[in-house]
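Overview (structure and organization)
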Amino acid sequence: MRCLKFSALALSLASFSFAADAEGPSDVLTLTVTDFEAKVNPEPLILVEFFAPWCGHCKALAPHYEEAATTLKDKGIPIAKVDCVDQPDLCQANGVQGYPTLKVFRNGTPTDYTGPRKADGIVSYMVKQSLPAVSEVTLANIEEIKKADKVVAIAYVSSHTQAPAAEFSAMAEKHRDDYLFGISYDQDVHSSETVTPPAVVVYRSFDAPRTEYPYPIADAKVEDFETWLKDLSVPVIDEVSGENYAIYATSSKPLAYLFLDPTREDKEDQIAAIKPIAEEFKSKVNFVWIDAIKFGDHAKALNLGEAKWPSFVLQDVQKQLKYPLDQTKDFSPAAAKKWVQDYLDGSLHPSLKSQPIPETQDESVFNLVGKQFDEVIFDDSKDVFVEFYATWCGHCKRLKPTWDQLGDRYADLKDKITIVKMEATENDLPESAGFQVTGFPTIKFKKAGTREFIEYDGDRSLDSFIAFVEEHAGNNLEVKTPPPAQQAEDAQAPLKAETDEKKEDVHDEL
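Residues numbered from 1 in each chain as written. Predicted model: local features only at pLDDT ≥ 70, side-chain atom pairs only at ≥ 80, totals over all residues. Heavy atoms only, no water.

The next subject is the packing of helix α3 (residues 56-73) against helix α5 (residues 119-130). Two elements in contact, α3 and α5, have axes separated by 8 Å at closest approach and are oriented at 45 degrees. Regarding the angle of α3 to α5, the classification is oblique. Between α3 and α5 lies a crossing whose hand is right-handed. Counting all contacts with α3, which are made through L61, H64, Y65, E67, A68, T71 and L72, the residues of α5 involved are A119, I122, V123, M126 and V127. (Axes fitted to C-alpha atoms, helices over the stretch in contact; angles between N-to-C directions. Helix = DSSP H or I, 4+ residues; strand = E, 2+ residues; numbered from the N terminus. Parallel < 35°, antiparallel > 145°, perpendicular 65-115°, else oblique. Left-handed = near helix turned anticlockwise from the far one by under 90°. Contact = heavy atoms within 4.5 Å.)

Here we take up empty space enclosed by the protein. Using the criterion set out here, one finds one cavity of 30 Å³ or more in the structure. As a volume, the largest cavity reaches approximately 30 Å³. Lining the largest cavity, in full, are K128, P132, A133, R176, Y179, L180 and F181. Looking at the lining of the largest cavity residue by residue, the class counts come to five nonpolar, no polar and two charged. (1 Å grid on protein atoms, 1.4 Å probe; cavity = no way out; pocket = protein on both sides within 12 Å on 5 of 7 lines; lining within 4 Å. Points joined across faces, edges and corners; volume = space filled by probe spheres on them. Nonpolar A, V, L, I, M, F, W, Y, C, P; charged D, E, K, R; others polar.)

As a further point, take the packing of helix α7 (residues 165-174) against helix α9 (residues 222-232). The axes of two packed helices give the description: the angle between them and the distance between them. At their nearest, the axes of α7 and α9 sit 8 Å apart, and the two run at 55 degrees to each other. By the angle class used here, α7 and α9 are oblique. Between α7 and α9 the crossing geometry is right-handed. Note on element contacts: α9 touches α7 through V222, F225, E226 and L229, opposite E167, F168, A170, M171 and K174. In terms of residue class, the contact of α7 with α9 is built from six nonpolar, no polar and three charged.

Here we take up unusual backbone geometry. Cis geometry marks the peptide bond from W309 to P310, where omega comes out at 5 degrees. Position of P310 among the secondary structure elements: in the loop between α12 (296-301) and β15 (311-316). Following F440, the chain continues into P441 via a peptide bond in cis, with omega recorded as -10 degrees. When you line up the elements, P441 lands in the loop between β20 (439-440) and β21 (442-446). At T194, a position not held by glycine, the phi torsion is positive, near 50 degrees.

Let us look at the sheet that holds strand β7 (residues 135-136). As summarised here, the arrangement of the five strands in space is β7-β9-β8-β10-β11, forming an open sheet in which the pairing is mixed. Looking at which strands have only one partner, the edges of the open sheet turn out to be β7 and β11 (210-212). Across three bridges, the pairing between strand β10 (residues 199-204) and β11 is antiparallel. Note that in β11 the partner of V202 across the bridge is T211. Where α9 meets the sheet, it contacts β8 (151-156), β9 (180-184), β10 and β11, and its direction lies at approximately 20 degrees from that of β10. (Pairing = 2+ DSSP bridges.)

Under the counting rule described, the total for this entry stands at one disulfide. Here C84 connects covalently by a disulfide to C91, the sulfurs 2.1 Å from one another. Taking the sign of the S-S torsion, about -90 degrees here, the bridge from C84 to C91 comes out left-handed. Overall, C84 belongs to the buried group, its relative accessible area being 6%. (Disulfide = S-S within 2.5 Å. Buried < 20%, exposed > 50% of the residue type's maximum accessible area, 1.4 Å probe, protein only.)

So this is what it looks like as structure tokens:
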């Protein structure tokens, strides 16, 4: 088991998403084991939330879920909920393992809901689910379809056999959850939209409202449309939130943050001033602005050391490398532009957060900080076994006495092996590491004379750690067996640690 590592932004978004329970009449159906199948199975489409009344994320979702239910009721799409405290067997039967769990049922067959959790996002997602992957566009419905979602793609072709109708339809099937798609064979529609078939046009509720596919279209494939649509679905600059953070987190482009104090009267002017820069670099960098007051912890996680706004930072999201603009100087759009260009030119070095180098190393386990990573980890003469932990992680706390015992075992062989621990929430990994820590504890072994890491995924007993080390070590690690009295003392250590841990405050892990 591991404690999952979430970005500071994701955690902050969760902590600031609080809402009171809805009161009064509700358009959300309440289901129980006695009526679940009778109400769900006949419906061609229904959304069901499995929740717990004490769950903070469920409380945050509640008002959005209510609002979406009211809107979707008029469209003939029901929304329902199941209280898993009151109906535990029903929730277990539906494979619920966390709260809230949302599932889309089609005539009783469930699939996971993967859409947003704000009212307009829920409505948009469910409307897409109610439509065919590609809707036929006519003069009677074209204006409605063009405005039905934030991103709408329409293919204009003379017949269903004309390219790129087949590729466009295949792409629509693949991305029906992401965008709204239409196709028109009607010459009157083509004329009203001033397009010459074959053509594909994207309509958006932001930035340029109409964009036609700019490349040779007859030979366009699914992946060509995918790349084009994905780029168009990201605004030139937008406020980053829980609804859109995943778009940026999964993008291959670096992310440029403008941290702003939203209470300042010139907030919109600051956004407007940087927008031309965002437009200039849009093909290579995603730009967002973020509430610096609400998400101050995320600013710290990106190595912005001062609460000074506006501030600017670039992040390589895939490698988790951070490039904060110097906060000792006043921010300016010109400085941000140069910073982005320097990054793209490869002339910037990432800012690595590190605790101070310890004055002494008094324990058998080496306490590693970011500044010493390359020096300690890539010492070719030594085998290195390293645990990346978080202070708050319960699994890490339970591991500590065993990891200390491992350090004690090899204490007399420090010239051949280093047993290491590193607080990964307080120290950034350099690019040379070649990996990122996504959960705690993460345990890796580096054989002497190599720069490659072996992931440890075995059980966390001392014997298993020793066997793993002996199997993979490059050095001879023969050690003397400790006397029986010491063995007995060591055997009691995990039990003592578990007792001590129960006395500590509980940390709410995600």
